[in-house]
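Survey of secondary and tertiary structure
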Amino acid sequence: MTEQKIVPNLWFNGNALEAAEFYVSVFPDGGIDGIVEMHDTPSGDSQLITFHLGDCTFMALDGGPFFSINPSISFFLNFDPSRDPDARKNLKKLWEELAREGTPLMPLQEYPFSRLYGWVRDRFGVTWQLILTDPDGEERPFIVPSLMFTGENCGKAEEATDYYISVFRNSRRGLLARYPAGMEPDREGTLMFTDFMLEGQWFAAMDSAGPHEFGFNEAVSLLVNCETQQEIDSFWEALSAVPEAEQCGWLKDRYGVSWQVAPAVLNRLMAEGTRQQVDRLTQGFLTMKKLEIDALLELYRG
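All values derive from a computational prediction rather than experimental measurement.

Some thoughts on the overall build of the chain
Scanning the chain from N- to C-terminus turns up seven helices and 15 strands. The C-alpha radius of gyration computed for the chain amounts to 19 Å, which stays within 12% of the reference 19 Å derived for 302 residues, consistent with globular compactness. Each principal axis of the C-alpha distribution contributes one length, and for the chain these read about 60 × 35 × 35 Å. The proportion of buried residues among the 302 residues of the chain is 52%. Taking as baseline every contact in the chain between residues at least 6 positions apart, the subset at least 24 positions apart corresponds to 63%. Entry remark: accessible area of the chain is about 14000 Å², with carbon and sulfur atoms responsible for 49%. For the chain, the distance from the average position of its 25 positive side-chain charges to the average position of its 46 negative side-chain charges is 2 Å.

See the structure below:
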């Protein structure tokens, strides 16, 4: 698989491997790609799991009880009958697996925007929007991460996505639909839906003025794999807006979305290193804010 530039990272409390194994068992073409054991982290010994669902790579981290996944970042699952004659059947089958011991947020049924759609929180807290779609024009991938701007961020989806498009390369806007009048509490003109490309990958976003009790947090972050220190420095400067949130490569942007800006080589070093090398790397990056490639390589070499 081609290395994915931006990788969704899911934060769990002791059950990251269980969650990853569940996802790869119910999604088509899923698999575990790597497991790294990290010792003496703020949450004790921890696992970092890399897995893929089709063409989309994810990471799952046992980060402890500090953050909980919520629907502010969910994942669209596009079932396209023009590409898959069994799309409806496959959508229903996956819905049944994800909804088992989970919670439907919007029931699986027909809506004005789709002949079949449902939004579900699975038993691990991750939320998925399953939609039967037959897009005109450019195809979309099966899995599309989606950002919901709520609370004080409601109404900022267009501003935020414009900003992300300006920061990342190979980026542009796709569809854009605004709320019409009469859909209170949502304000006319704010974004009902948009999708956009960053680094050749599709994402989606919307505003929602409903009475949500959640917003962006560290439990779903977006990891940016960087090839050089210059690239790390550039993304860090462009994205980091909350100095107190800067820690071991993590940052928060001006909208509260959490990103990890990391050297791509770190994944390889953590996967291939000896126990002692991985321990040195772990203790090293835990003390850093912005990650420094040269310092990490020096730690790896001992």
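Structure shown, so let's carry the discussion forward.
Re helix α6 (residues 275–287)
For α6, built from 13 residues, the straight-helix expectation of 18 Å at 1.5 Å per residue is met to within 8% by its first-to-last C-alpha distance of 19 Å. Residues Gln 277, Val 278, Leu 281, Thr 282, Gly 284 and Phe 285 constitute the buried set of α6. Those residues of α6 that are buried lie in contact with β2 (30–41), α5 (264–272) and α7 (293–301).

Some points on the sheet that holds strand β7 (residues 114–121)
Taken together, eight strands build an open sheet; the order of strands is β6-β7-β8-β5-β9-β12-β11-β10 and the sheet is mixed. Each edge of the open sheet carries a strand with a single partner, namely β6 (103–111) and β10 (172–178). For this sheet, the mean angle separating the axes of adjacent strands, direction not counted, is 20°. Two strands pair when backbone bridges link them, and β7 and strand β8 (residues 127–132) are joined in this way by five bridges, in the antiparallel orientation.

Describing the side chain of Asp 186
Within the element layout of this structure, Asp 186 appears in the loop between β10 and β11 (191–198). Beyond its immediate stretch of four places on either side in the chain, Asp 186 contacts Tyr 179, Asp 207, Ser 208 and Ala 209.

What about the packing of aromatic side chains?
According to the stated counting rule, one finds 26 aromatic pairs in the structure shown. Geometrically, the ring pair formed by Phe 196 and Phe 203 is stacked, given 5.9 Å between the ring centres and 25° between the ring planes. A single burial state applies to Phe 196 and to Phe 203, both of which are buried. Through pairs of rings, three or more aromatic residues link up here, namely Phe 12, Phe 22, Tyr 23, Phe 27, Phe 51, Phe 58, Phe 75, Phe 79, Phe 124, Trp 128 and Phe 142. Lying across the ring of Tyr 163, Arg 254 places its NZ or CZ 3.8 Å from the centre.

Section: the packing of α5 against α6
Closest axis-to-axis distance for the α5/α6 pair is 9 Å, and the angle between their directions is 140°. When the interaxial angle is binned, α5 and α6 end up oblique. Packed against α5, whose contacting residues are Leu 266, Leu 269 and Met 270, the element α6 presents Val 278, Leu 281, Thr 282 and Phe 285 at the interface. The residue makeup of the contact of α5 with α6, split by class, is six nonpolar, one polar and no charged.

Rules and cut-offs
Residues numbered from 1 in each chain as written. Predicted model: local features only at pLDDT ≥ 70, side-chain atom pairs only at ≥ 80, totals over all residues. Heavy atoms only, no water. Helix = DSSP H or I, 4+ residues; strand = E, 2+ residues; numbered from the N terminus. Rg over C-alpha atoms; globule rule 2.2 N^0.38 Å. Buried < 20%, exposed > 50% of the residue type's maximum accessible area, 1.4 Å probe, protein only. Contact = heavy atoms within 4.5 Å. Areas by Shrake-Rupley, 256 points an atom, 1.4 Å probe, with all protein chains shown as cover. Lys, Arg positive; Asp, Glu negative; His and termini not counted. Charge placed at Lys NZ, Arg CZ, Asp CG, Glu CD. Expected span 1.5 Å × (residues − 1). Pairing = 2+ DSSP bridges. Axes fitted to C-alpha atoms, helices over the stretch in contact; angles between N-to-C directions. Phe/Tyr/Trp six-rings, centres within 6.5 Å; stacked < 30°, edge-to-face > 60°. Lys NZ or Arg CZ within 6 Å of the ring centre and 35° of its normal. Parallel < 35°, antiparallel > 145°, perpendicular 65-115°, else oblique. Nonpolar A, V, L, I, M, F, W, Y, C, P; charged D, E, K, R; others polar.

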